Amino acid sequence: MISVDNKKIQFACPLDCFDGCTLTAEVADGKVLGIEGKKDHPLTKGYICKKGAAHLERMYHPDRLLCPLKKTVTGWQEISWEDALEEVSEKLNDIKSQYGTLAVLHYYDSGYCGLSKMADKMFFNYYGGVTVPRGSLCWGAGIAAQKYDFGESRGHHPKDHLNAKTILLWGRNPYNTNLHLMEYLTQAKQQGTKIILIDPIKTKSAQIASEHIAIKPGTDGALALGMAHHLIVSGMINQQFIQNHVVGFEDYETYVKTFTLEKAAAVTGIDADTIRQLAEDYGKDQPACIILGYGLQRYSNGGSTIRCIDALGAITGNIGISGGGVNYGNRLIAEYIDGEVSKSASAVENHRSFSRTFLGEYLEKENNPPIKAVFVTKSNPLVQGPNLEKTIRAFEKIEYKVVFDLFMTDTAKRADLIIPCTHIMEEEDLLLSSMFSPYLNYSEKVVEPRNGIIGEYEFFRALAKKMNLSQYPDIEKEEFLKRAVKPLEEAFHLTFEDLKNNFFTVEKREIAWEDRNFTTPSGKYELYSKRAEEEGLCPLPQYSPPLEGEIQYPLRLITPHPKDSLHSQHFAFTKEIPVVYIHSITADQYGLAQDDLARVNSKQGSLLVKVAVDDHVGRDLLMIYEGWWHQSGSVNFLTEALISDMGEQAAYYDCFCNIQRETGQ
Ligand code: SF4
């Protein structure tokens, strides 16, 4: 509990989380004494999760990186900021003159969601343009799918879910990953909303559901088509909405009519009566809303799955109405953010990209020009990317690697130079989530950075100056932030001070697509997408089966997000080995019991795990949370580099394994 006498300063959680909390820090004598959730935030209302509560410990942790470190033959050597800048500048100039700027690869992800740390991108643009990743390790297939269907991914304000009579919680586990959605769902349930959880695993989110439907992994598209079949043949569709706002219904209907309840049942492992009832719950008890997770699109058929589910909203008219929607992402504020980073794109003279799922392969094979240096920001690819063994091998061979981080991650360990980052409480910033929270959060600088860390914003600014990148904006951070939100200020007649002092959201956008002006080429919801067709995809939402394991690797491995860590960030100090969750019947088949040590093997590698027998996990499945560092054993030593049908999304869940009891126990 924060004392009334000390100074209180607002900051925001920078983690790549649905919720977007703000917090209050209690400060005395330049030191943070405690933090807690900020109670007047309209969405998060002062409740924070364990990951948010860990911000204080992480800032003052004795293992935090506090000065630039250079790898030498005798180990890590602390160097000055000036020497670090000098070294990086020299390397980048050398590479540019010898090989061109594309020989530099900048790998980044969303480990931090503040605007200021986008200075990395701006720097490499003014450098001339480098090799960058494309695609997604997270949600790319679903985003691409919703782009075909709606034009873009928009969600409802979470409070609008309270207006739904039925909610299909489809593959989302808010208990672990979306604390504040859990609160809205609890409230919805109390007022009589029927909530149905569809998931191969009976997650703890089942506690707010009236029913859990266990589905065979990767077959969600077939379930949606079976439901659509029943909705169409039973007349539970909204003809008026279809006529006015939908393109391609006839073609879709022809295809769906082949997808009977019995066929859907055979594919999904859910009996036909349950699918019929599910369709009726969704089709009859309107408004009905679907809230999607991201796991169900981490398969080779991930994009098609989301398109099949989106279509349910369109044919029943549950789009653009209060209590409806197919909620996946919520890119509400991002469209009003512009400024210096966007402007820097015009300085790019060379551009080359690669699918981020294939980082290892790309580093090994690219030779025109070959990659001479890798810069890693806001990410830990040597834990989080698939097919780790190959990626690590390829990464280690690169001549020069620079990693920016707060801690000595498994990626940082393999760098030649490490640049320590500032913590969220040590810098001013603006933060937004584009998944769920519709608010822009201001984060004030709470304390001075430890040990005089200069922060990425100032590092890249100083580097640009040293390298004479004359177009690079030599401006203070506050001015950079002001320019970034200028379009938003203009559109809503606000000042920067207004944004700092209020929790900004775009009013009148609480119901996605209320105006029915879809941003597709036709301006309508596109069941038939010509754009998808032109890009070599099936124009209609279509089911294609997910990959299956070979005979020696019959068990599918699912690696969802843990409750207490944002990806790998909070596993830094964990020494235990990962836990594998397995159904009792599957455990019996493999001679495994609770707390046994076991080895999970895939074509890519093997992992020592501890067994947790858990009948909430479907049969023939293994579940291990992602994020564990190498010291424990990372799940991505098992996963293969595969991508989904859309959005170049890593198909992590098409990973097949066997498991055996570790001998010598
Ligand atoms: S991780 Fe998410 S729920 Fe937890 S404090 Fe941060 S924004 Fe809030």
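What you are looking at is a predicted structure, and each value in this text was computed from that prediction instead of being measured. Numbers given for residues are sequential positions, taken from 1 along each chain in its written order. The model is predicted, so local features are restricted to residues of pLDDT at least 70 and side-chain atom pairs to those at 80 or more, both for listing and for counting; the totals for chains, interfaces and linings are taken over all residues. Neither water nor hydrogens contribute to the side-chain values; these are computed over all heavy atoms in the structure.

Explanation requested: the environment of N93 in the structure shown.
Secondary structure elements are defined from DSSP: runs of H or I of at least 4 residues count as helices, runs of E of at least 2 residues count as strands, and each element is numbered from the N terminus. Along the polypeptide, N93 turns up in helix 3 (residues 81–99). Under the scheme applied here, a residue whose accessible area is under 20% of the maximum for its type counts as buried, over 50% as exposed, and between as partly exposed, the area being computed with a 1.4 Å probe on protein chains only. Using a relative accessible area of 34% as the deciding quantity, one classes N93 as partly exposed. With 374 residues separating them in the primary sequence, N93 and M467 have C-alpha atoms 7.7 Å apart.

Please explain the pairing of strand 21 (residues 555–558) as it appears in this structure.
Successive side chains on a regular strand alternate, one facing one side of the sheet and the next facing the other. Here strand 21 shows two buried faces, one formed by L555 and L557 and the other by R556 and I558. Pairing of strand 21 with strand 25 (residues 621–623) involves 3 bridges; the strand directions are parallel. For I558, the partnering residue across the bridge sits in strand 25 and is M623. Pairing between two strands requires that DSSP report at least two bridges joining them.

Before we go on, may I ask you to explain the site of the ligand in this structure?
Looking at the ligand, the residues that line it are C13, L15, C17, D19, G20, C21, I48, C49, K51 and G52. Here the shell around the ligand is composed, by residue class, of 6 nonpolar, 2 polar and 2 charged. Whether a residue is near a molecule or strand depends on its heavy atoms: if one lies within 4 Å, it is near. Residues are sorted three ways: Asp, Glu, Lys and Arg are charged, Ala, Val, Leu, Ile, Met, Phe, Trp, Tyr, Cys and Pro are nonpolar, and all the rest, Gly among them, are polar.

In this structure, what is going on with the pairing of strand 19 (residues 440–443)? I would like to understand it.
In strand 19, alternate side chains face the same way, and those of L440 and Y442 on one face and N441 and S443 on the other are all buried. Both strand 18 (residues 429–432) and strand 19 contribute to a ladder of 4 bridges, which runs antiparallel. When the bridges of strand 19 are listed, L430 appears paired with Y442.

Looking at this structure, I do not really get the nonpolar core. What am I missing?
A general tendency of soluble globular proteins is for nonpolar side chains to be buried together. If you look at the biggest cluster of nonpolar residues, it comprises 87 residues, and the most contacted ones within it are W170, M227, Y252 and I315. All domain edges in this entry derive from an automatic or database-based domain assignment. Taken domain by domain, this core gets at least three of its residues from each of domain 2 (69–137 + 343–507) and domain 3 (160–327). Contact definition: two residues touch when any of their heavy atoms are within 4.5 Å. What W170 contacts, discounting residues up to four positions off in sequence, is I198, D220, L223, A224, M227, I290, I291, L292, G293, L296, I309 and L312. Core analysis: the second largest hydrophobic core is formed by 58 residues, L92, Y457, I475 and F504 among them. Definition of nonpolar core: a set of buried residues of the types Ala, Val, Leu, Ile, Met, Phe, Trp, Tyr and Cys, connected through side-chain atoms within 4.5 Å.

It is not clear to me how the domain arrangement of the protein chain should be interpreted in this structure. Could you clarify?
Interface extent is often summarised as the accessible area lost during association of the parts. Taken domain by domain, the protein chain consists of domain 1 (7–60), domain 2 (69–137 + 343–507), domain 3 (160–327) and domain 4 (555–661). With centres defined by C-alpha atoms, the gap from domain 1 to domain 3 works out at 35 Å. With 12 residues of domain 1 at the interface, the matching set in domain 3 holds 10 residues. Computed with a 1.4 Å rolling probe, the buried area is the accessible surface lost when two parts are put together, summed over both parts. Interface area lost by domain 1 to domain 3 is led by F18, D19 and L43, which between them contribute 62%.

Sorry if this is basic, but what is going on with helix 8 (residues 220–233) here?
An α-helical segment advances 3.6 residues per turn. Residues three or four places apart therefore align on the same side. Multiply 1.5 Å by the residue count of a helix minus one, and that product is the helix's expected span. The first and last C-alpha atoms of helix 8 sit 20 Å apart over 14 residues, in line with the 20 Å expected at 1.5 Å per residue. With 13 of 14 residues buried, helix 8 lies mostly within the body of the structure. Backbone geometry just after helix 8 places G235 at a positive phi near 75 degrees.

I tried to follow helix 3 on my own but got confused; where do I start?
The terminal C-alpha atoms of helix 3 lie 27 Å apart, and with 19 residues this matches the ideal 27 Å at 1.5 Å per residue to within 8%. Immediately beyond the C-terminal end of helix 3, within one or two residues, lies G100, with a positive phi of roughly 95 degrees.

Would you explain the UniProt feature "domain: 4Fe-4S Mo/W bis-MGD-type" (unreviewed entry) in the protein chain in this entry?
Mapped onto this numbering, the UniProt entry gives "domain: 4Fe-4S Mo/W bis-MGD-type" (unreviewed entry) at residues 6–63. Between the first and last C-alpha atoms of residues 6–63 the distance is 28 Å; the span itself is 17% helix and 34% strand. UniProt positions are given in the numbering used here, feature names are shortened, and annotations may be inferred rather than shown by experiment.

What am I meant to see in the sheet that holds strand 12 (residues 288–292) here?
Sheet strands line up and pair through hydrogen bonds in the backbone, either parallel or antiparallel. Judged by pairing direction, the sheet is parallel, and its 5 strands sit side by side in the order 10-9-8-12-13 without closing on themselves. One side of each edge strand has no neighbouring strand; the edge strands of this open sheet are strand 10 (211–213) and strand 13 (326–327). Judged from the 5 bridges that link them, strand 8 (residues 166–170) and strand 12 form a sheet pairing that is parallel. Paired with L169 across the two strands is I291, which belongs to strand 12. Each axis is a line fitted through C-alpha atoms, taken for helices only over the stretch in contact, and angles between the N-to-C directions span 0 to 180 degrees. Here helix 8 sits on the sheet and contacts strand 8 and strand 9 (194–198); the angle it forms with strand 8, its principal contact strand, is near 155 degrees. Sitting on the sheet, helix 13 (residues 302–316) touches strand 8, strand 12 and strand 13, and the angle it makes with strand 12 is about 160 degrees.

Can you walk me through the sheet that holds strand 2 (residues 22–28) in this structure?
Strands sit in the order 1-2-3 across an open sheet of 3 strands; the sheet is antiparallel. What marks the edges here is a single partner per strand, and that holds for strand 1 (7–12) and strand 3 (31–37). Pairwise comparison of adjacent strand axes, ignoring direction, gives a mean angle of 30 degrees for this sheet. Of the strand pairs in this sheet, strand 1 and strand 2 are connected by 6 bridges, and their pairing is antiparallel. Paired with Q10 across the bridge in strand 2 is T24.

Teacher, can you tell me more about the pattern of salt bridges here?
Pairs can form between side chains of opposite charge once their charged atoms are near each other. By definition, a salt bridge exists where a carboxyl oxygen of Asp or Glu is found within 4 Å of a side-chain nitrogen of Lys or Arg. Tallying each qualifying case throughout the model produces 42 salt bridges. Note that E87 is salt-bridged to K70, the shortest N-O span being 2.8 Å. With E87 in helix 3 and K70 in strand 4 (residues 69–72), this pair connects stretches of sequence that are 17 residues apart. Across the pair R531 and E535 runs a salt bridge, and its minimum N-O distance is 3.3 Å. One salt-bridge network, in which partners are shared between bridges, spans E458, R461, K465, D474 and E476.

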